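# Close look at the chain arrangement
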Amino acid sequence: MKRTILALLLALPCTLSGQQTGAETTYEKARKNFIRHVAASLGVEENSLEANPINEEEEFYKSLKTGDLNAFTAEDRARKKTVTRGFSGMTTEGQATIAFNGYIAGIGQPGGIADLLKAASALDPEKRMKADDLSKRILWCLDPAKNGTSEKIFDAKHVADLGWEPPEGVGPARYLPQKTGIVILFYSISQGNTGTLNYHKYSITVLPDFKTLINREDL
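To start, this report covers the structure provided alongside it. The shown structure was predicted, so the numbers you read here are calculated from the model rather than taken from an experiment.

### Some details on the packing of aromatic side chains
- Applying the stated rule across the entire model yields eight aromatic pairs.
- Residues Tyr-27 and Phe-72 carry aromatic rings whose centres are separated by 5.2 Å and whose planes lie at 40° to one another, so their mutual orientation is tilted. One end of the pair, Tyr-27, is in helix 2 (residues 26–42); the other, Phe-72, is in strand 2 (residues 69–76), and 45 residues separate them in sequence. Side by side, Tyr-27 and Phe-72 carry an identical accessibility label, which is buried.

### Here we look at the nonpolar core
- Residues Phe-87, Leu-117, Leu-134, Ile-138, Ile-184 and Phe-186 are the most contacted members of the largest nonpolar core, which totals 29 residues.
- Within the residue set of this core, elements represented by two or more residues are strand 2, helix 4 (114–119), helix 5 (131–142), strand 7 (182–191) and strand 8 (197–206).
- Tallying contributions element by element places helix 5 first for this core, with seven residues.
- With sequence-adjacent residues up to four places away left out, Ile-138 is seen in contact with Ile-113, Leu-116, Leu-117, Ile-184, Phe-186 and Ile-204.
- Counting 15 residues, the second-largest nonpolar core is a separate cluster that includes Phe-34, Ile-35, Ala-39 and Phe-100.

Parameters at a glance
Residues numbered from 1 in each chain as written. Predicted model: local features only at pLDDT ≥ 70, side-chain atom pairs only at ≥ 80, totals over all residues. Heavy atoms only, no water. Phe/Tyr/Trp six-rings, centres within 6.5 Å; stacked < 30°, edge-to-face > 60°. Helix = DSSP H or I, 4+ residues; strand = E, 2+ residues; numbered from the N terminus. Buried < 20%, exposed > 50% of the residue type's maximum accessible area, 1.4 Å probe, protein only. Core = buried A, V, L, I, M, F, W, Y, C linked by side-chain atoms within 4.5 Å. Contact = heavy atoms within 4.5 Å.

Okay, here's the thing in structure tokens:
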């Protein structure tokens, strides 16, 4: 009996320590996976990058969540500069899901933003996310600010409130059916040099395997 009590007492500190430490959350695993895959795809050291936000309750990032995918920004630690933006998550089976422009996945896997398009059910007319909502997430991944252009998804009311009229044909995001796959068509706006607005057209071709072809043109 004394031996049993002694064994329980010896085990107790380990049990308490485990409870105090706590297990790594699914969110934290997704955040670390994002760093790992960005580093591998860009050919840089993992410890040179940081992924934000640390807190999964941060409102703006939370609003972009898609299925099991959380939105993240990867930043160069030394330069304090954004490297890429995208998504990372974990399926219920513990499989990592990753999406960002330039993501190099395994052999035979499309990579890029394919996992985002899957999570949004882009190829399923009955289940897919609204085109406007998906276009915001795609623009997040493409991150045009890296190329010096701060863009927002076209909003007719916002443009009208500024006293401007958009070019003919510019309108809400929409899905365009193709013989194989679809095209997601959307427009963005950025500030012009003279107080005017610049308009940009995006055509995202999604093939049956979720591989994507991205085309952007200034209007």
